[in-house]
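The lines below spell out each chain.
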Amino acid sequence: MEDRAPVDLVLVEFSGGRFDGEILAELESLTAAGTITVLDALLVSRGGDGTVEWVEAAGADERLASLVGDPAGLLAAEDAEAVAAELEPGTAIGMLVFEHTWAAALAASIRGKGGRVVDWERVPAAALTELAAI
C-alpha cells in the first residue's frame with residue numbers, strides 16, 4: 001500500500017439485467033465526499049437467449065463515465081469473459097474497482113511517523129454477522 005490507499009474490486013449481480021440509478025447516485029456521493037475514487041467499471045450482461053454483452057464505463061452511461069474518468073485499465077475483456085461464463089440468462093454484473101481515498105491520509109500519517117502498513121485485509125460481512133451471533 002505504499003503510496004496508494006487500498007483498492008477493492010466489487011462484483012454486484014442484478015437479476016433481470018437492470019442497473020439502478022440509485023446505486024450510481026450513491027457512488028457519486030461517496031466520490032464527492034472524498035471517501036472513494038472510482039478507478040474502473042465494467043458492465044456485463046447475459047440476455048435471456050444466452051448472448052453476452054459487456055460495456056466499459058465510458059460506453060455505459062454519462063454519469064458512470066464521468067465518475068471513472070480515464071479508466072485505470074484494471075478491467076479488460078478477459079475479466080468480462082470470466083464473469084460472463086458464470087452468468088445465468090437474464091442477469092447482469094457490475095464490476096467496480098475503487099480506491100479507499102479516505103485511507104490515503106491515514107497511510108501517509110503512519111509513514112510520516114516511520115510506520116509501514118504491512119497488510120490490509122477485508123473481513124466479509126457474513127463473517128462479522130456470524131461472529132456477532134456467538
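Residues numbered from 1 in each chain as written. Predicted model: local features only at pLDDT ≥ 70, side-chain atom pairs only at ≥ 80, totals over all residues. Heavy atoms only, no water.

Participant: Any details on the pattern of salt bridges? Residues and values, ideally.
Facilitator: One pass over the full model with this rule turns up 2 salt bridges. A salt bridge links Asp8 to Arg122, with the shortest nitrogen-to-oxygen separation between them at 2.5 Å. With Asp8 in strand E1 (residues 7-15) and Arg122 in the loop between helix H5 (102-112) and helix H6 (125-132), the pair connects residues that are 114 residues apart, well separated along the chain. Relative accessible area serves as the criterion here: at 17%, Asp8 is assigned to the buried category. Note on Arg122: relative accessible area 51%, which makes it exposed. (Salt bridge = Lys/Arg side-chain N within 4 Å of Asp/Glu carboxyl O. Helix = DSSP H or I, 4+ residues; strand = E, 2+ residues; numbered from the N terminus. Buried < 20%, exposed > 50% of the residue type's maximum accessible area, 1.4 Å probe, protein only.)

Participant: An account of the nonpolar core is requested, with residue identities and associated values reported.
Facilitator: Among the nonpolar cores identified, the biggest contains 12 residues, and these are Leu24, Leu27, Ile36, Val38, Ala41, Leu43, Ala57, Leu64, Leu67, Val68, Leu96 and Phe98. Looking at this core, the elements that each hand over two or more residues are helix H1 (21-32), strand E2 (37-46), helix H3 (62-68) and strand E4 (91-99). Apart from residues lying up to four places away in sequence, Leu24 is in contact with Asp61, Arg63, Leu64 and Leu67. (Core = buried A, V, L, I, M, F, W, Y, C linked by side-chain atoms within 4.5 Å. Contact = heavy atoms within 4.5 Å.)

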